[in-house]
Each structure stands twice: as structure tokens, then as C-alpha cells.
Amino acid sequence: EAGVVQSPRYKIIEKKQPVAFWCNPISGHNTLYWYLQNLGQGPELLIRYENEEAVDDSQLPKDRFSAERLKGVDSTLKIQPAELGDSAVYLCASSSLTGTEAFFGQGTRLTVV
Amino acid sequence: GQNIDQPTEMTATEGAIVQINCTYQTSGFNGLFWYQQHAGEAPTFLSYNVLDGLEEKGRFSSFLSRSKGYSYLLLKELQMKDSASYLCAVRGGGATNKLIFGTGTLLAVQP
């Protein structure tokens, strides 16, 4: 069974440019998470989806970040415009039922210069 | 609010036993997870506790006390490959049913 797939693995952009990350969760997983992880820190939740509904986006900086999960499967996280402080690893995770473990993708390492 | 605390770093010797502690304060509780994360890689699931007590899985065991808001991860017969960051995560309950992570404990296993 394929795991959570994210692309790209690495992205380098100049500040003020837009960037998008893509995530394909494990087949059949209804819950999808986007996390941000800075070096030496734990993952910080940005947004959580149950099917196509964003049920928790309280930590998402909505002035520049947006996300969507059309048809309740793949998801895209966008930053526009990117700032230097957005440099981090963006992790996508999915789970089948609330209360069970989440499985993580390899992440996208974003560098804003 | 939600808060998860764990030590920043620990060092242990190959073949020994190490215990990594985690304390938490959350709005509701629906399970505690331990993940392992090697440098540059994604977190991988190690254990899940929702009831009080000890869960054993090979060399790794995890303990939970809900009344104390406390958990630990026990690693036995340490190997060099166990050098990694260990993340404690709590799933809140009710309206805040989301998975929150601690900052992680960086474990260095020495020969």
C-alpha cells in the first residue's frame, strides 16, 4: 500500500513569490493534516480536514496561506506571498479514523531566500 | 489551552535502557502517541495509549497515566539506530479533536 505522497520534496523560492505543495493521502483516509515543522521543533498543526471540510484551521495564517481538498482526497497548501520566516518543512499526514495514528509523508522542505 | 512538555535532549549508551518522559495539559483527551523521527525524515508511529497502563511492543514500551497527565516511552537494548528525535503527541477531545505535538526529545545513543 502506498504511503502519503508529497511533492515537491524541496523548493527554493524568492520572498514574495507564491508556492504550492501537494499531498496525496493514503487511500481511504478521511482525515488529512498539514503541519509545519521548524528545525529542532515538533510539528505544528496548520489545518485539518475531515473529507473535504476544513474542520480546524485556527492555526492557519489566512492572510497568506490557503488550502483546499477537492473531492476529499488530494490536498494543496499554498503560500502567497512567501516570507523569509516561512522556510520550514511542510508535512502532510492522514488517518483513517479519529483516535488512530496519523501517517506522515516525507514533507516538502521550503527555503525562502 | 494545550501544552506538551518533554526534555529537549537525552544521551544514553548502546545496550542500555532509556526513559523519555512527557507531560501534557489538553482540552479533553482522546489518546497519546509516540513518534520517532530521524533527521531529515518524516515522523513514524511508535505507540498509542488511550487507557492507563503500559503498552509493550518489542524493545519499545509506552506508559500512560491520565490522572497525572503523564506518559513515558521506554527504549530497551538501545541500538545506534535509535538515535533520533522522539515526539510525544496528544489528541484532544470534543471540539478540539486535533493531534498536537511536543517539541521532541533528541536522543543520542553512544557506543
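Rules and cut-offs
Residue positions are counted from 1 within each chain, in the order its sequence is given. Whichever chain is written first is A, and whichever ligand is written first is 1; the rest continue in order. Local features in this predicted model are restricted to residues of pLDDT 70 or higher, and side-chain atom pairs are both shown and tallied only at a pLDDT of 80 or more, whereas totals for entire chains, interfaces and linings draw on every residue. Just so you know, side-chain values use all the structure's heavy atoms and leave hydrogens and water out. Each helix is a run of DSSP H or I of at least 4 residues and each strand a run of E of at least 2, with the numbering of both proceeding from the N terminus. All radius of gyration figures rest on C-alpha atoms, and the globule criterion is 2.2 Å times the number of residues raised to 0.38. In these notes, a set of buried Ala, Val, Leu, Ile, Met, Phe, Trp, Tyr and Cys residues joined through side-chain atoms within 4.5 Å is what counts as a nonpolar core. Relative accessible area decides the class of each residue, using a 1.4 Å probe on protein chains only: under 20% of the type maximum gives buried, over 50% gives exposed, and in between gives partly exposed. When checking whether two residues touch, look at their non-hydrogen atoms; a contact exists if any pair is within 4.5 Å. Detection works on a 1 Å grid of protein atoms alone, calling trapped sets that fit a 1.4 Å probe cavities and calling open sets with protein on both sides within 12 Å along at least five of seven lines pockets, with lining residues defined by an atom within 4 Å of a point. Grid points are joined across faces, edges and corners, and a volume is the space filled by probe spheres set on the points. For this classification, the nonpolar set comprises Ala, Val, Leu, Ile, Met, Phe, Trp, Tyr, Cys and Pro, the charged set comprises Asp, Glu, Lys and Arg, and every other residue, Gly included, is treated as polar. The rule for a salt bridge is simple: a side-chain nitrogen of Lys or Arg has to be within 4 Å of a carboxyl oxygen of Asp or Glu. In the analysis that follows, any N or O atom pair within 3.5 Å is treated as a polar contact, provided that within protein one partner can donate a hydrogen and the other can accept it, and provided that, for residues neighboring in sequence, both atoms belong to side chains.

When its secondary structure is counted, chain A shows zero helices and 11 strands. Along chain A, helices and strands appear, N-terminal first, in the series β-β-β-β-β-β-β-β-β-β-β. Taken over C-alpha atoms, the radius of gyration comes to 13 Å for chain A, in line with the 13 Å a tight globule of 113 residues would show. With the C-alpha coordinates of chain A rotated into their principal frame, the extents come out at 40 × 25 × 25 Å.

Turning next to the nonpolar core. Within the largest apolar cluster, 22 residues are counted, with the highest numbers of intra-cluster contacts made by F21(A), W34(A), L46(A), L77(A), I79(A), Y90(A) and L110(A). Among the elements of the structure, β3 (19–24), β4 (31–37), β5 (44–50), β8 (75–79), β9 (88–95) and β11 (108–112) of chain A are those that each provide at least two residues to this core. Other than its neighbours up to four places away in sequence, L110(A) contacts K11(A), I13(A), V19(A), F21(A), I79(A), D86(A), S87(A), A88(A) and Y90(A). Grouped together as the second largest cluster of nonpolar side chains are 21 residues, A84(B), Y86(B), C88(B) and V109(B) included.

What follows covers the layout of surface pockets. By volume, the largest pocket amounts to about 620 Å³. Lining the largest pocket are 30 residues, with Q37(A), L39(A), G40(A), Q37(B) and G40(B) sitting closest to its centre. Elements with a minimum of two residues in the lining of the largest pocket: β9 and β11 of chain A together with β9 (84–91) of chain B. Among the residues making up the lining of the largest pocket, the classes are represented as 10 nonpolar, 16 polar and four charged. In this structure, the second largest pocket encloses a volume near 320 Å³. Looking at the lining of the second largest pocket, the elements with two or more residues in it are β5 of chain A together with β1 (3–5) and β10 (99–101) of chain B.

Further remarks concern the pattern of salt bridges. Tallied over the entire structure, the rule returns seven salt bridges over all chains. Across the pair R64(A) and D86(A) runs a salt bridge, and its minimum N-O distance is 2.6 Å. Residue R64(A) is located in the loop between β6 (53–56) and β7 (65–68), and its partner D86(A) is located in the loop between β8 and β9; the two are separated by 22 residues in the primary sequence. On the accessibility criterion, D86(A) (6% relative accessible area) is buried. A salt bridge links K76(B) to E56(B); the nearest nitrogen and oxygen atoms lie 3.7 Å apart. You can see K76(B) sitting in the loop between β8 (70–75) and β9 and its partner E56(B) sitting in strand β6 (residues 53–57), a full 20 residues away along the chain.

Right, let's get into the side chain of D56(A). Position of D56(A) relative to the elements: it lies in strand β6. Only 3.0 Å separates the side chain of D56(A) from the side chain of S58(A), close enough to count as a polar contact. Setting aside anything within four residues of it in sequence, one finds D56(A) in contact with L45(A), L46(A), I47(A), R48(A) and K98(B).

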